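# A structural walkthrough
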Amino acid sequence: MSVLKSVVDVNNGNSGWTKQNLMDAFETALGNLGLNAGSSVTGVPQIVMAPDGGTTIYGAELSELLQANGGDTGEINWGYEKTQKYRVTDATGNNYRIQHYVEEYLYNTTFVDTTNDEIRSDRHGFSTGDAVRYAKGQTDTAYDLGTTITKNTIYYIIKVNRDRFSLATSLTNANNGVKIDIDGYTTHTGTFECFTQEDQGTDYVNASIDVYMGDIIQFENDAGNATNLTLCQDVDSFNTNQRIVYNDSTYGYTPNSPIKGARDTAYSNTISYRTNTTNISCAAGANLTWDTETYPQSESEPLYPTSITNPSLTDIPGGDGTVKYIYCSETNANAKGVINLLPSMVTQSYSSQINNYPYWKYTVPASGGRSELKLRVHRNAYNNGTLRNITIHSIGTGWSDDEVFTIPGELVGGTATTGDIRFGVTTPETSSNAYDGIASIKVTTLGGGSNFYQKSGVGAFAILNVENDATKKYGNTFYSVYLEGIATTQWRLRFQSGNGWEFLNRKGTSSTLTTPSTEWGDFTGYMGLDRQNTTLSSNVDDYDISTSSTPTAYPMQIRTFRAQAPQDTDFAVIQFTQTINGKIEPFAAFNFHVGDGYGNNVFDLDEVFLAGITEYTLANTQGLRIKTSVPCYSSGHAAYTSATREPLDEYCQGRTAYYGYLRGGGYGYSNPHQIYDDYYNNIKEEDANLAVMYYRNSTYDKYHDMSVSSAADYYKPIKTIPISQKMIPCPYYIPDDFVLLQVATTPGLTEFRPGDTVTVSGSEIYEIIQASYQTQQEGLDGVSNNTSEGILFLARTT
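Now for a description of the structure that goes with this document. From a predicted model like this one, the values you see are computed outputs, not experimental measurements.

### Description of the nonpolar core
- Within the largest apolar cluster, 40 residues are counted, with the highest numbers of intra-cluster contacts made by Ile407, Ile421, Phe423 and Ile441.
- Sequence-distant contacts of Ile441, defined by excluding residues within four places in its chain, comprise Pro45, Ile47, Val48, Leu373, Ile392, Trp399, Ser400, Asp401, Asp402, Phe405 and Phe423.
- If you look at the next biggest cluster of nonpolar residues, it comprises 38 residues, including Val573, Phe603, Ile721 and Ile734.

Below is the structure:
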């Protein structure tokens, strides 16, 4: 049995290597090991660039985008918030019947357009074909509209637009657009119920309600109803824990939100005002009122496309970015209906504190070799509908930088032609307020196979996507890696990990930043479970890959050692070495925890995700340390001032498989994310409280020339090494082709270098990966400076 060894030269084996050279070589080494999951996808749009080339973290700034759409400010005539009224009665089958009605204050040319035979009512909420009773219950002829529209009479709606409708004498006429000629009106003052949806037998039963963001909904629970009426969010039926309640502030992504991007990923304002003007439910004969101001619009599509969705975002209602509202009975499961909260630019009371900006969705059609692309065009609700942002919400393919297309303004909350948003090569406006600029799309490649999932165009960072078990919910793990420092200080790799990676609406691989930034991307999921409340530059795992003194002055290699069947072929040790003054010097040697072999009935990747790295490093001059850690679960924050991480807080990763071991803080204040074992040589060395190996030598183990039989001699490689003796039950054992061996050999100046071989027998030969040893020691032979002693970590080559 033997391992598969591979050597990748950084910069073709030359000194003077760069970050890009290092990342290229690391990518090749990991590709050779089959660690990059999936297959390559090219031409994936990742961000919208404004005409002047600027972006925020999440997309283009509003002032910059205005350069590309003629200065159109959208549909500015939305008016102020309006109370939309619904009458709730019991219907057959224990259902609700929901009937909408419109109240107006007076008759004048604002309300009645006799020229076009239309009724003007802001956000009237009616649809073509709705049966409505005009001036329900009224008897005074003052309520007649001319001679053609008579009080207390049923008519049928012809919807003209959001704020206008006409009337027809029959459903057939309504569907055919045959409207009634309104020949006048009598001036009337005083609010009254103008148009009321009329039940035609089975109409409006558990009806869906469309209402615009910022408006108020008032439900009038009929006195004859048997149950209380309430409102819930992100569920399909009544759930007392999902009520929309008075002064609720749970919606919206704020800086301290536990959900990364699950709501409004584009903004980070804090909601300091949110109210509902009544309590959490209403009994029969009472009203329930919901002020929708600051609540995000309804959304049925997850924020993240399927291929990169963090599975944990579906663990709680609405966590994946979908938003749903319902009205429902507290006790009757049948009585319920959907409330669709639509995007709007309604003028609202506390506009400066709104952080749920309305957006309109637009899909760029497929064309030629490029796929369709789903976009969201965000506007300022409190600034006349000016553009704020355009974000990407699908994984497109076959696109190129600067593709040419136009978003029609009238489809995204703006106006036709003047509101069109133009895309192509990034082009600033020709002069201030010319509004003739052009925005652009920038693309990336999602790697797989021989390529990283993501790799910076300037070598600044890379993302590794590891597939541990495709059949499991948390079967994939993402690792971020970047090289610390620049110029002559490039000597340390830094890792973080998580179970989801978000690159959309970031500059990502096109970023020119060489220091960690959310501009590169970010881990997704719930704070405290999937990710810590930290940046890519904090709470990282560090691995020294070269000398810290002028590291690029020396050639570098990346060596890999992979187990073969029937051992775990997912296991592979990766080692960095440099040739310094003619000697091969070892640096970081480690393996990613990969595959379905981890767990041993301890944990299941349907419940937790596997994120671990085991490093093989020096404990001291004659000791070797095997250290297992969880990148992105390390020290560096005030929260780590005690040894324990209980209960979970925002600086934990409770969903990692190893939290079950690390809940007590691992190795204390400075290293709460790791557990390690130190193995020491016990030949002529103290072994108190150390992990030691079994060794007998009848040549030297004598007293008065008496010894135990030589048949008891034992000097063998130690196999089946646990990743930690301190993890009980142990979740994984290192494959048997990777062994520890203690050594005590002459002459005393013997050195152990990576690549040196150790022959146990003619058919059992090992290569040194890592060695911890001390030369010129006094060995069992009693001769001073005649022995080199230590511990070797070896891979079997024959």
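Okay, back to it.
### Some remarks on helix α1 (residues 19-32)
- When the terminal C-alpha atoms of α1 are compared, their 20 Å separation across 14 residues agrees well with the 20 Å that a helix rising 1.5 Å per residue should span.
- Burial of α1 is extensive: 10 of the 14 residues sit out of reach of the surface.
- Burial in α1 covers these residues: Lys19, Asn21, Leu22, Met23, Ala25, Phe26, Glu27, Ala29, Leu30 and Gly31.
- Just beyond α1, the residue with positive phi is Gly34, at close to 70 degrees.

### As for the sheet that holds strand β44 (residues 787-796)
- If you walk across this open sheet you meet the 4 strands as β41-β44-β43-β42, and the pairing is antiparallel. The open sheet has two edge strands, β41 (738-745) and β42 (757-761), and neither has a second partner. Along the sheet, successive strands turn relative to each other by an average axial angle of 35 degrees, direction set aside.
- The sheet contact formed by β41 and β44 spans 8 bridges and is antiparallel.

### Brief notes about the pairing of strand β26 (residues 461-467)
- Within β26, 6 of the 7 residues are buried, which leaves it mostly tucked inside the rest of the structure.
- The pairing of strand β25 (residues 454-455) with β26 spans 2 bridges and is antiparallel. Its bridge partner being in β26, Lys455 is matched across the sheet by Ala462.
- Between β25 and β26, which pair antiparallel and follow one another directly, the connecting turn spans 5 residues, one of which, Gly459, has a positive phi of 75 degrees.
- Of the strand pairs in this sheet, β26 and strand β27 (residues 476-483) are connected by 7 bridges, and their pairing is antiparallel. Paired with Leu464 across the strands is Tyr479, a residue of β27.

### Re the sheet that holds strand β13 (residues 229-233)
- Ordered by their spatial adjacency, 5 strands build an open sheet running β11-β18-β17-β13-β15, and the pairing between neighbours is mixed. Looking at which strands have only one partner, the edges of the open sheet turn out to be β11 (209-212) and β15 (281-282).

### Details of the packing of aromatic side chains
- All told, the structure shown has 37 aromatic pairs when counted by the stated rule.
- Seen in terms of ring centroids, Trp78 and Tyr212 are 5.3 Å apart; in terms of plane orientation they differ by 75 degrees. Their pairing is edge-to-face. A residue pair is termed long-range when its members are at least 10 positions apart, and Trp78 in the loop between α2 (62-65) and β3 (83-91) and Tyr212 in strand β11 qualify at 134 residues.
- Ring-pair connections join several aromatic residues into one group, and the members of that group are Phe26, Phe452, Tyr479, Phe495, Tyr543, Phe576, Phe590 and Phe592.
- The cationic tip of Arg162 hangs over the ring face of Trp78; the distance from NZ or CZ to the ring centre is 3.7 Å.
- Between the NZ or CZ atom of Arg625 and the centre of the ring of Tyr676, over which it lies, the distance is 3.8 Å.

### A look at the side chain of Gln99
- Structurally, the position occupied by Gln99 is in strand β4 (residues 95-106).
- Judged by its relative accessible area of 13%, Gln99 is buried.
- In this view, Gln99 contacts Lys85, Tyr86, Arg87, Thr89, Gln197, Glu198, Asp199 and Tyr204; residues no more than four positions away in its chain are not counted.

### Overview of the pattern of salt bridges
- Scanning the entire structure with this criterion turns up 35 salt bridges.
- Close ionic contact of Arg97 with Asp199 constitutes a salt bridge, the shortest N to O distance being 3.3 Å. Highlighted residues: Arg97 in strand β4 and Asp199 in the loop between β10 (189-197) and β11, separated in sequence by 102 residues.
- Asp199 sits in the partly exposed class, given a relative accessible area of 29%.
- With its nearest N and O atoms 2.7 Å apart, the salt bridge here joins Lys361 to Glu299. Here Lys361 is found in strand β19 (residues 359-364), whereas its partner Glu299 is found in the loop between β16 (287-291) and β17 (325-329), with 62 residues between them in sequence.
- Residue Lys361 is classed as partly exposed on the basis of its relative accessible area, which comes to 38%.
- For Glu299, a relative accessible area of 5% puts it in the buried group.
- Linked through salt bridges whose partners overlap, the residues forming this network are Glu299, Glu301, Lys361, Lys374 and Arg376.

### Considering the pairing of strand β2 (residues 41-49)
- The buried fraction of β2 is high, at 7 of 9 residues.
- As paired strands, β2 and strand β24 (residues 440-446) are joined by 6 bridges and run antiparallel to one another. Across the sheet, residue Val44 finds its bridge partner in β24, namely Thr444.

### Overview of the state of the cysteines
- Per the counting criterion, the structure on display carries 0 disulfides.
- No disulfide involves Cys232; its sulfur sits 3.9 Å from that of Cys328, the nearest cysteine.
- A residue is classified by how much of its surface remains accessible, and Cys232, at 0% relative accessible area, is buried.
- Note on Cys328: relative accessible area 1%, which makes it buried.

Cut-offs and rules
Residues numbered from 1 in each chain as written. Predicted model: local features only at pLDDT ≥ 70, side-chain atom pairs only at ≥ 80, totals over all residues. Heavy atoms only, no water. Core = buried A, V, L, I, M, F, W, Y, C linked by side-chain atoms within 4.5 Å. Buried < 20%, exposed > 50% of the residue type's maximum accessible area, 1.4 Å probe, protein only. Contact = heavy atoms within 4.5 Å. Helix = DSSP H or I, 4+ residues; strand = E, 2+ residues; numbered from the N terminus. Expected span 1.5 Å × (residues − 1). Pairing = 2+ DSSP bridges. Axes fitted to C-alpha atoms, helices over the stretch in contact; angles between N-to-C directions. Phe/Tyr/Trp six-rings, centres within 6.5 Å; stacked < 30°, edge-to-face > 60°. Lys NZ or Arg CZ within 6 Å of the ring centre and 35° of its normal. Salt bridge = Lys/Arg side-chain N within 4 Å of Asp/Glu carboxyl O. Disulfide = S-S within 2.5 Å.

Taken by themselves, the reported measurements are silent on function.
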